[in-house]
Amino acid sequence: MNAQCFRRRRAPQLIALTVALAVAVPLVAHAQNSFRFPHSRADGMVYVMTNAAAGNSVQSFARNGDGKLTPERSFSTGGRGSGAGLGSQGALALSDSGHWLLAVNAGSNSVSVFLVLDKYLFRTDTEYSGGTSPISVTVKNDMVYVLNAGSDNLRGFKLDLYGRLNPIADSNRSLSGSGVGPAEVSFNRVGDLLAVTEKATSKVLSFAVNGDGVLGPVTTLNSPTPTPFGFAFGRRDQMLVSEAAGGAAGASALSSYQLDGAGGNKLITRSVPDHQSAACWVVVTRDGRYAYSSNTGSDNLSSYKVTEYGKISLLSGIAAGTGHTPIDLALDRNSNHLYALNSGSGSISAYTVGDDGKLQLVQMQTSRQITSAASGLVAR
């Protein structure tokens, strides 16, 4: 498909929005992440992507102080979803500042950018993803990388001050082969390293990232248990990876790695089993003390303790039972609440996260916008 059809396709309201911002909002233009936007009047928001083939959109939910959700609005991405589950983590990505939201459009080979203002999303750009079937996206400061499952490649972009994506020269990188079944791409917490998991090859790839956003040589680790899927980074850049074991009953696990960006990567903790099935999505609390995985095959969540240096141990194999095919997970900005997207019931489960890492269900919010195709979940 012609890449030019995605260039600078912006929503009509962008011009009016830009003028309004220029008049009403003093922006500090030292760097994209130092901009000062109005603070949200809501306690927070949660976003889920519909991934609908007829027209992809992002559904928003207002998040109260107690963690409960209230459905708000739907915002078109300007692209098309796949109409079926993406089998990935990171279909939605929120910048550290909370002011930019990115969404993949797997059905139209594009990625969209939204400016986040209070409870509203304003689409600023929709760009060709640099490949086919984009399934995961990550953002750090002004750098963005998209993982294309159909073409088994990565493509990098710079996010400019107006919310437009500009391709980075020489950023197109192939994965380890064709048909590798990639699951997620993500920057580490610092942004000097990029990682990818491959389900079909059971490989974990990592790349050093230079100041221009160009990737260095790939470093490859073999997953100790097959089917590495979702992952998240701890405070010292430890990478915690779920291992679905091909969906085998009771065989799921979590491993941790230390990645340093210079090729000196190593396994810290090898395959801690949770005795559940099809562990796929992973999140780590802001303080790095606890990790949670969703077990899609056994309809529950597992919890882990994480030491300062990335060693992991099982806290609870069944930290919460959902009974509704949990897929994506998201923590709010202070890790006080955990959210699980339940593809089997069209709902989002909300949990409080205790100081001891235990989960307490506070709500299960249903929505007609959430179907079995829904993918991607983020919270702010």
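Throughout what follows, the structure given in this document is the object of discussion. (Residues numbered from 1 in each chain as written. Predicted model: local features only at pLDDT ≥ 70, side-chain atom pairs only at ≥ 80, totals over all residues. Heavy atoms only, no water.)

Side note on the pairing of strand β2 (residues 57-63)
Along β2, 7 of the 7 residues are buried, which leaves the element largely enclosed by surrounding structure. Side-chain alternation along β2 places S57, Q59, F61 and R63 on one buried face and V58, S60 and A62 on a second face that is also buried. Looking at chain direction, strand β1 (residues 45-49) and β2 are connected through 5 bridges and run antiparallel. By the bridge assignment for β2, Y47 is matched with S60. Where β2 folds back on strand β3 (residues 69-76), the antiparallel hairpin that results is connected by 5 residues, among which G67 adopts a positive phi of roughly 95°. (Buried < 20%, exposed > 50% of the residue type's maximum accessible area, 1.4 Å probe, protein only. Helix = DSSP H or I, 4+ residues; strand = E, 2+ residues; numbered from the N terminus. Pairing = 2+ DSSP bridges.)

A few points about the packing of aromatic side chains
The final tally for this structure, using the stated rule, is 4 aromatic pairs. Ring geometry for F229 and W281: centres 4.9 Å apart, planes at 55°, overall tilted. Remark: W281 occurs in strand β21 (residues 279-284) and F229 occurs in strand β17 (residues 228-233); sequence separation between them is 52 residues. Across the pair, W281 and F229 agree in class, each one buried. Considering the side-chain rings of F231 and F233, the 5.9 Å spacing of their centres and the 90° angle between planes classify their relative orientation as edge-to-face. For the residue pair F231 and F233, the accessibility class agrees, reading buried in each case. (Phe/Tyr/Trp six-rings, centres within 6.5 Å; stacked < 30°, edge-to-face > 60°.)

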